[in-house]
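Notes for the structure review
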Amino acid sequence: MLILESVDAHYGKSHVLHGVSIEVRAGEVVGLLGRNGVGKTTTLKAIMGMARRTGGRITFEGRDLQGVPPHGLARLGIAWVPEERRIFRLLTVLENLRTGLDRPGITPAHRDALLEKVYAYFPILKERRHQAGGTLSGGEQQMLAIARAMMLEPKIILLDEPTEGLMPRMVAQIQEIVHALHRDGVAILLVEQNVPLTLDAAGRVYIMEKGAVRHHASAVELRADPRVIHEYLGV
Amino acid sequence: MDQILVQTLHGLVNGMVLAMVASGLTLIFGIMDIVNFAHGDLLMLGAFVGASVVGVTGNYWLALLVAAVVIAILGALLQITTLRPLIGRDPLTTILATFGVSLVIQKYALWQWGPSVRRINEPVPGDFTLFHLQYPWYRIATAVLAGLIITGLWLFLKYGKYGIWIRATTQDRVMAQAMGIPVPLVYTGVFAIGSAMAAASGVLFGPFAGVTQTMGFDFTLRAFIVVVVGGMGNLAGSILASIFVSLLESYAAIVVSPAQAVIVSFVVLVLTMLFRPTGLFVPTPK
C-alpha cells in the first residue's frame, strides 16, 4: 500500500536519508527501529512531504506522492502523529478533533459515531473535551494526537515515538490502542525506541542506522534471535 | 465632568471603528505573519465603492454590503497574485509588496475619483442632546454595528468550521495541513475576510469625515499601533487596545488640541515596545 523505493532526503545541505526502501501493506503494523538520529522521523517526514526528497519514489496505493499537496495526504488516507504531538494548544480537545472531522462529505451521524468511538477508547478525552489542548498532560496529549489522527479515518497512521516520555500505565494504554487500530484494519508505520512494544505490536520490523535500512525481519524472528537488536540498538 | 462623559462616548465610538480595522489586520498578521501595509488603502477603496453605491442607489446599507463583498474579492485576488508567491520568503519582501500594493491602490483612487473629498450621507438621521452638545445618533449606530460585526467575527472564529481551520492554521500550519486543512485556501480566505472588514469600516467611517484617497495611510498607521499595543496577532488584545488608545486620545483632547492628542497613541506605542513588547493585553509569556 505504502511503498518507499530508495528514498533520499536532505535537511538543508546534510544528506539524511540514503536510499531508504520500506513497504507497508494494507492493514499491517510495521515497526521502524533505530537509535536517535538515524533518520526514522525523517523517513516519516519524507512521506508527509516535509523533508526535502532528493531521490527515489514514494507511492501510496500505486499513486506517486510527489506533487500531492501537503493537505491532500489526509484525504488519500494518510495520517501523521508526530513525535512532538503538535496538539493545537489553544484549541479545545473537541476542536482539535474537529480539525479532522470537518471534512467534505461527512454526515452528522457519521461524525458523532466517530467521536463516540474515540471517546470509548479514550474516556479521559470526553471528560476534557472543552479543555484547551495545551492544558493536558503529556500522556493525554499523546492520546489526543492519536485520536485526532483517527478522525481522518486513515488507511495508514504514521506513528512517531508514541510512548516517548510516558508513564508505564500510559505506555500500556498506547499499546492497547495500537492493537485496537490493527484489529480495525488500519495500517501503522510505528517508529519507536521501545523494542518490546514494537516487537509485540508489529508484524515486520525495519532497523535503521545512519540514514539507511540495515536490517529487515519479522518480529517473530527478532524475538527468537535478539542478537540483531543488540547489534543495532545496543539493548 | 460632562466633558469627560462626552469624550468617553467619543473615544468608545472611534475605538469601535478602529477595532474593526485592527481586527482584520491582526487576523492577517496572526495567520500569515504579514504586516499588510495596504490594509488602510483597502479601507479607503471600500469607502469609495460604498460612496459610489450610495450615489447611485441612495441605499447606505446596500453600499456597506457591496463594498465588503467587492473588496473581499479584490483582497482574495491580491493575496493569490501578490502574496501567495512570496510565502516562505524574507518577511521584508512581503512588507515591500504590500507597500507597493498600497501605492497602486492610492494612485488608482486618485485617477478614478480625483483628489476631492466625497461625502457619504448619514444613514441614521437625527441627534440627541448630551449636555451642551448635539451628538449624532449615527455615531452610536456605527459603534453598535461595529460591535456586532466584531462579535460576528468572533463567533465565526470560535464555533464555525472554517473558524477552527483558521485558528488551527494560526497555531501550527504544518500540522493543520497534515490534518487535511487546505492551508493556501485558508490564507486566501483570511485575507478576504480582513479586506471585507476594512472595507466595511471605511463605509462606516465615511460619514464621519468624508472619503479621500489619502485616508488609508492614517488608518494603517493607527491600526498598526493598536495591533502592536494589543499583542501582534491577538484579536481580543487588538480590540481592547483600540478602545484603550481611542479613549486616551479622547481624554487628551480635553487638554490639548485633537491634532496633538494623536501623539498619545505614539507614546503608548513606544512605552509598550519598551516595557511590554509582547503587548499590553496578553498574559506575560512564561
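In this text the structure is predicted, and so the values were computed from the model without any measurement. (Residues numbered from 1 in each chain as written. Chains lettered and ligands numbered in written order. Predicted model: local features only at pLDDT ≥ 70, side-chain atom pairs only at ≥ 80, totals over all residues.)

Per the secondary structure count, chain A includes ten helices and ten strands. When its C-alpha atoms are laid out on the principal axes, chain A stretches across 45 × 40 × 30 Å. Residue pairs in contact within chain A that sit at least 24 positions apart in sequence constitute 68% of those at least 6 positions apart. (Helix = DSSP H or I, 4+ residues; strand = E, 2+ residues; numbered from the N terminus. Contact = placed C-beta atoms within 7 Å.)

The helix and strand tally for chain B stands at twelve helices and two strands. Listed N to C, the secondary structure of chain B is α-α-α-α-β-β-α-α-α-α-α-α-α-α in terms of helices and strands. Expected size for 286 residues packed as a compact globule is a radius of gyration near 19 Å; at 19 Å, chain B falls within 12% of this value. The dimensions of chain B, computed from C-alpha atoms along their principal axes, are 60 × 50 × 35 Å. Each of the 286 residues in chain B was classed as buried or not, and the buried ones make up 49%. A sequence separation of at least 24 residues applies to 75% of the contacts in chain B between residues at least 6 apart. (Rg over C-alpha atoms; globule rule 2.2 N^0.38 Å. Buried ≥ 20, exposed ≤ 12 C-beta atoms within 10 Å, placed from the backbone.)

Attention now goes to the environment of B:Leu83. All names here are of chain B. Mapped onto the secondary structure, leucine 83 falls in helix α3 (residues 60–83). Taking the number of C-beta atoms within 10 Å as the measure of exposure, leucine 83 has 22 and is therefore buried. Distance from leucine 83 to threonine 188, taken between C-alpha atoms, is 9.4 Å for residues 105 residues apart in sequence. If we skip the residues at most four places from it in the chain, leucine 83 touches Ile34, Leu78, Thr94 and Ala97.

Let us look at the sheet that holds strand β4 (residues 52–60) of chain A. All names here are of chain A. Overall, antiparallel pairing links the four strands, which are arranged β2-β1-β4-β5 in an open sheet. Strand pairing shows two members of the sheet lacking a second neighbour, β2 (14–24) and β5 (63–64), which therefore form its edges. When strand β1 (residues 2–11) meets β4, the two strands line up antiparallel, connected through seven bridges. Residue pairing for β4: aspartate 8 is matched across the bridge by glycine 55. On the sheet, helix α1 (residues 40–47) packs against β1, β2 and β4 and is oriented at approximately 75° with respect to β2. (Pairing = 2+ DSSP bridges. Axes fitted to C-alpha atoms, helices over the stretch in contact; angles between N-to-C directions.)

Looking now at the interface of chain A and chain B. Each side of the interface is counted separately: chain A has 20 residues, and chain B has 16 residues. Of all the secondary structure elements, the ones that give two or more residues to the side of chain A that touches chain B are α2 (72–76) and α3 (93–101) of chain A. The element best represented in the side of chain A that touches chain B is α3(A), accounting for four residues. Its residues assigned to classes, the side of chain A that touches chain B shows nine nonpolar, three polar and eight charged. (Nonpolar A, V, L, I, M, F, W, Y, C, P; charged D, E, K, R; others polar.)

Right, let's get into the packing of helix α6 (residues 161–171) of chain B against helix α8 (residues 183–209) of chain B. Residues and elements named next belong to chain B. With their axes 10 Å apart at the nearest point, α6 and α8 run at an angle of 105° to one another. Comparing the axis directions of α6 and α8 gives the class roughly perpendicular. Here α6 contributes Tyr162, Trp165, Ile166 and Thr169 to the contact with α8, which in turn contributes Val183, Val186, Gly189 and Val190. Here the contact of α6 with α8 is composed, by residue class, of six nonpolar, two polar and no charged. (Parallel < 35°, antiparallel > 145°, perpendicular 65-115°, else oblique.)

In this section: the nonpolar core. Counting residues in hydrophobic clusters, the biggest one holds 159 residues, and the most contacted among them are A:Ile188, A:Leu190, B:Ala67, B:Ala199 and B:Ala200. In contact with B:Ala199, not counting residues within four places along its chain, are B:Leu42, B:Leu43, B:Gly46, B:Val49, B:Ala67, B:Ala68 and B:Ile71. (Core = buried A, V, L, I, M, F, W, Y, C linked by C-beta atoms within 7 Å.)

Looking now at the environment of B:Val69. Residues and elements named next belong to chain B. By the secondary structure assignment, valine 69 is in helix α3. Judged by the 16 C-beta atoms lying within 10 Å of it, valine 69 is partly exposed. In this structure the C-alpha to C-alpha distance between valine 69 and leucine 9, which are 60 residues apart in sequence, comes to 30 Å.

Turning our attention to the confidence of the model for chain B. All names here are of chain B. Per-chain confidence: chain B averages 91 in pLDDT, with 98% of residues scoring 70 or above. Highest mean pLDDT in chain B belongs to α3 (96); lowest belongs to helix α11 (residues 258–261) (82). Two summary scores accompany this predicted model of the complex, namely pTM at 0.90 and ipTM at 0.92. (pLDDT = per-residue confidence, 0-100.)

This next bit is on the packing of helix α1 (residues 2–32) of chain B against helix α9 (residues 215–230) of chain B. All names here are of chain B. In contact at an axis separation of 9 Å, α1 and α9 are set at 70° when each is read in the N-to-C sense. Taken together, α1 and α9 sit at an angle that is classed as roughly perpendicular. Regarding α1 and α9, the two cross each other, and that crossing is right-handed. For the pair α1 and α9, contact is made by Leu18, Val21, Ala22, Leu25, Thr26 and Phe29 and by Phe219, Arg222, Ala223, Phe224, Val226 and Val227, respectively. (Left-handed = near helix turned anticlockwise from the far one by under 90°.)

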